[in-house]
Amino acid sequence: MHVITGKIRRAPFTKEGANANGNWKMFAVDLSERYKDKDGQSQYTNYRAVFFAKESMLDWYNEAFQEGKVVSISAESLAVDVRDKDGKTYFTVNMNNPRLEFSQRGDAAPQQQGQNQQRQQQQQRQPQPQKQQQFDDSIPF
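Computed from a predicted structure; not experimentally measured.

(A) Geometry of the overall build of the protein chain. The helix and strand inventory of the protein chain stands at two helices and eight strands. The helix and strand sequence of the protein chain, counted from the amino end, reads β-β-β-β-α-β-β-β-β-α. The long-range share in the protein chain, meaning contacts at least 24 apart out of those at least 6 apart in sequence, stands at 56%. As displayed, the protein chain has an accessible area near 11500 Å², and 45% of this comes from carbon and sulfur atoms.

If you want it as structure tokens, here you go:
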């Protein structure tokens, strides 16, 4: 199993349609991984996961797959897609049968502020160390 977690840096490609089962929407989500090779040059691995949402899941996926949100996607297998454009070769790793494992909900900034406030409140609520009480720890018999 392969799991990729990352921030969606550009809006996913979407396509909508309808069939006998109702409305559906396709989301093509692109994630990339950047690393430096031994020469210090940046190298990239691009991943693509394609999801199909039925009408009952549209709102869930619409919120999950937004630019700037963090998602974690798993797949049982990967397939490499090679294409040439403008004299350059691009490799994309397609995630076969992807599953959305995690998606960031709401806005990130207010959530972080709320976490900071909670930490401050917890620190204020922690009891101050009291003088150690004496007790008899001898065996009672």
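Further notes follow.
(B) Quick peek at the nonpolar core. Counting 19 residues, the largest nonpolar core has Phe51, Phe65, Ile73 and Leu100 as its most contacted members. Secondary-structure elements contributing two or more residues to this core are strand S3 (22-36), strand S4 (42-54), helix H1 (58-64), strand S5 (70-75) and strand S7 (88-96). Here this core takes four residues from S4, the largest share from any one element.

(C) Structural view of the packing of aromatic side chains. If you walk through the whole model with that rule in mind, you get six aromatic pairs. Judged by centre distance (4.9 Å) and plane angle (35 degrees), the rings of Phe51 and Phe65 are tilted. One end of the pair, Phe51, is in strand S4; the other, Phe65, is in the loop between H1 and S5, and 14 residues separate them in sequence. Comparing Phe51 with Phe65, the two get one shared label, buried. Between Tyr61 and Phe65, the aromatic rings sit 5.3 Å apart at their centres with planes inclined by 10 degrees, giving stacked as the arrangement. The same class applies to Tyr61 as to Phe65, namely buried. Sitting over the face of the ring of Trp60, Arg105 holds its NZ or CZ atom 3.5 Å from the ring centroid.

(D) Structural context of the sheet that holds S7. Strand order in the open sheet made by the five strands is S2-S3-S4-S7-S6, with mixed pairing throughout. The sheet is open, and its two edges are formed by strand S2 (13-19) and strand S6 (77-85), each paired on a single side. In this sheet, adjacent strand axes meet at a mean angle of 25 degrees when their direction is disregarded. Here S3 pairs with S4 via 13 bridges, running antiparallel. Within S4, the position partnered with Tyr35 by the bridge is Gln43.

Procedures and definitions
Counting starts from 1 at the beginning of each chain's written sequence and moves along it residue by residue. Side-chain atom pairs in this predicted model are given and counted only at pLDDT of 80 or more, local residue features only at pLDDT of at least 70, and totals for whole chains, interfaces and linings cover all residues. With hydrogens and water stripped out, all remaining heavy atoms of the structure feed into the side-chain values. Each helix is a run of DSSP H or I of at least 4 residues and each strand a run of E of at least 2, with the numbering of both proceeding from the N terminus. Contact criterion: two residues are considered in contact whenever any of their non-hydrogen atoms come within 4.5 Å of each other. For every accessible area listed, the method is Shrake-Rupley and the probe measures 1.4 Å; residues are considered covered only by the protein chains on display. We call a set of buried Ala, Val, Leu, Ile, Met, Phe, Trp, Tyr and Cys residues a nonpolar core when their side-chain atoms join them within 4.5 Å. Burial classification: accessible surface area is computed with a 1.4 Å probe over protein chains only, and a residue below 20% of its type maximum counts as buried, one above 50% as exposed, and the rest as partly exposed. Centres within 6.5 Å are what make two rings of Phe, Tyr or Trp a pair, Trp counting through its six-membered ring; a difference in plane orientation under 30 degrees is then read as stacked, over 60 as edge-to-face, and the rest as tilted. Placement of a positive charge over a ring is assigned whenever Lys NZ or Arg CZ falls within 6 Å of the ring centre and within 35 degrees of the normal to the ring plane. One requirement defines pairing of two strands: DSSP has to find at least two bridges between them. Every axis corresponds to a line fitted to the C-alpha atoms, with the helix fit spanning only the stretch in contact, and the corresponding angles, defined between N-to-C directions, vary from 0 to 180 degrees.

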